[in-house]
Amino acid sequence: QVLLVESGGGLVQAGGSLRLSCAASRSIFSINTMGWYRQAPGKQRELVATITVGGSTNYADSAKGRFTISRDNAKNTVYLQMNSLKPEDTAVYYCNADVIRTRVLGVLYDCWGQGTQVTVSS
């Protein structure tokens, strides 16, 4: 079941910016930690950034200083502002939620969105 939907990906030039968003289902009461991961062709999926319900953030070294993760707890939505993009940032970006509390499905663990493509040209 799709509970997280990413958007905002696209094609940008190196040095440009994109803002990704991950919208959660309206059936969701709350989400604990949300995060962004990415997977480039031929590469393993890797952590980009995470943010707890309290706003504590964690970034991969490759994202520090360039990317900013934020969330709107009322909307159960997480964002990833990406600045100074590099060709190496090209990947499919996935939204993740470690724990989701829903009205009907109860508590769910380790949920993923479908991904959104980010392509950075040189």
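Everything that follows concerns the structure shown earlier in this document.
> Hey, could you run me through the overall build of the chain in this one?
Of regular secondary structure, the chain possesses zero helices and 12 strands. Traced from its N-terminal end to its C-terminal end, the chain shows the element sequence β-β-β-β-β-β-β-β-β-β-β-β. Against the 2.2 N^0.38 benchmark of 14 Å for 122 residues, the chain shows a C-alpha radius of gyration of 14 Å, consistent with a compact globule. Overall, the C-alpha framework of the chain stretches about 45 × 25 × 20 Å when taken along its three principal axes. Put simply, the chain has 122 residues, and 42% of those count as buried. When the accessible area of the chain is evaluated, it comes to approximately 6400 Å², of which 49% is carbon and sulfur surface. Across the chain, the mean location of the 12 positive side-chain charges is 6 Å away from that of the 8 negative side-chain charges.

> Before we go on, may I ask you to explain the state of the cysteines in this structure?
Working definition: the covalent bond between the sulfur atoms of two cysteines is a disulfide. Under the counting rule described, the total for this entry stands at one disulfide. Here Cys22 engages in a disulfide with Cys95; their sulfurs sit 2.1 Å apart. Torsion about the S-S bond of the Cys22 and Cys95 cystine: about -85°, corresponding to left-handed handedness. One end of the pair, Cys22, is in strand β3 (residues 18–24); the other, Cys95, is in strand β10 (residues 91–102), and 73 residues separate them in sequence. Counting only cysteine sulfurs, Cys95 is the nearest neighbor of Cys111, a cysteine outside any disulfide, at a range of 9.8 Å. Taking relative accessible area as the criterion, Cys111 reaches 13% and is therefore assigned buried.

> Explanation requested: unusual backbone geometry in the structure shown.
Most peptide bonds are trans, and most residues other than glycine sit at a negative phi. Although it is not a glycine, Asn76 sits at a positive phi angle of roughly 50°. Summarising the element assignment, Asn76 is placed in the loop between β8 (67–72) and β9 (77–82). At Asp110, a position not held by glycine, the phi torsion is positive, near 55°. Among the structural elements, Asp110 can be located in strand β11 (residues 107–112).

> How should I be thinking about the nonpolar core in this particular structure?
The tendency in soluble globular proteins is for nonpolar side chains to be buried side by side. With 30 residues, the main nonpolar core has Leu4, Trp36, Leu80, Met82 and Tyr93 as its most contacted residues. Taken together, the elements giving at least two residues each to this core come down to β3, β4 (28–31), β5 (34–39), β6 (46–51), β8, β9, β10 and β12 (116–121).

> Please clarify how the side chain of Asn76 should be interpreted in this entry.
Judged by relative accessible area, which is 6%, Asn76 ranks as buried. In terms of polar contacts, Asn76 uses its side chain to reach the backbone carbonyl oxygen of Phe29, at 3.5 Å. Leave out the neighbours within four places in its chain, and Asn76 touches Cys22, Ala23, Ala24, Ile28, Phe29, Ser30, Ile31 and Met34.

> Honestly, the pattern of salt bridges in this entry has me stumped. Any pointers?
As a working rule, side chains carrying opposite charge can pair if their charged atoms are close by. In total, this model carries four salt bridges according to the counting rule given. In this structure, the salt-bridge partner of Arg38 is Asp89, at a minimum N-O distance of 2.9 Å. Residue Arg38 is located in strand β5, and its partner Asp89 is located in the loop between β9 and β10; the two are separated by 51 residues in the primary sequence. Accessibility expressed as a relative area gives 1% for Asp89, which makes it buried. Put simply, Asp61 and Lys64 hold a salt bridge, and the shortest N to O gap is 3.4 Å. Within this structure, Arg38, Glu46, Arg66 and Asp89 form a network of salt bridges that share partners.

What counts, and at which threshold
- Residues numbered from 1 in each chain as written.
- Predicted model: local features only at pLDDT ≥ 70, side-chain atom pairs only at ≥ 80, totals over all residues.
- Heavy atoms only, no water.
- Helix = DSSP H or I, 4+ residues; strand = E, 2+ residues; numbered from the N terminus.
- Rg over C-alpha atoms; globule rule 2.2 N^0.38 Å.
- Buried < 20%, exposed > 50% of the residue type's maximum accessible area, 1.4 Å probe, protein only.
- Areas by Shrake-Rupley, 256 points an atom, 1.4 Å probe, with all protein chains shown as cover.
- Lys, Arg positive; Asp, Glu negative; His and termini not counted.
- Charge placed at Lys NZ, Arg CZ, Asp CG, Glu CD.
- Disulfide = S-S within 2.5 Å.
- Core = buried A, V, L, I, M, F, W, Y, C linked by side-chain atoms within 4.5 Å.
- Polar contact = N/O pair within 3.5 Å; in protein donor to acceptor, adjacent residues only side chain to side chain.
- Contact = heavy atoms within 4.5 Å.
- Salt bridge = Lys/Arg side-chain N within 4 Å of Asp/Glu carboxyl O.

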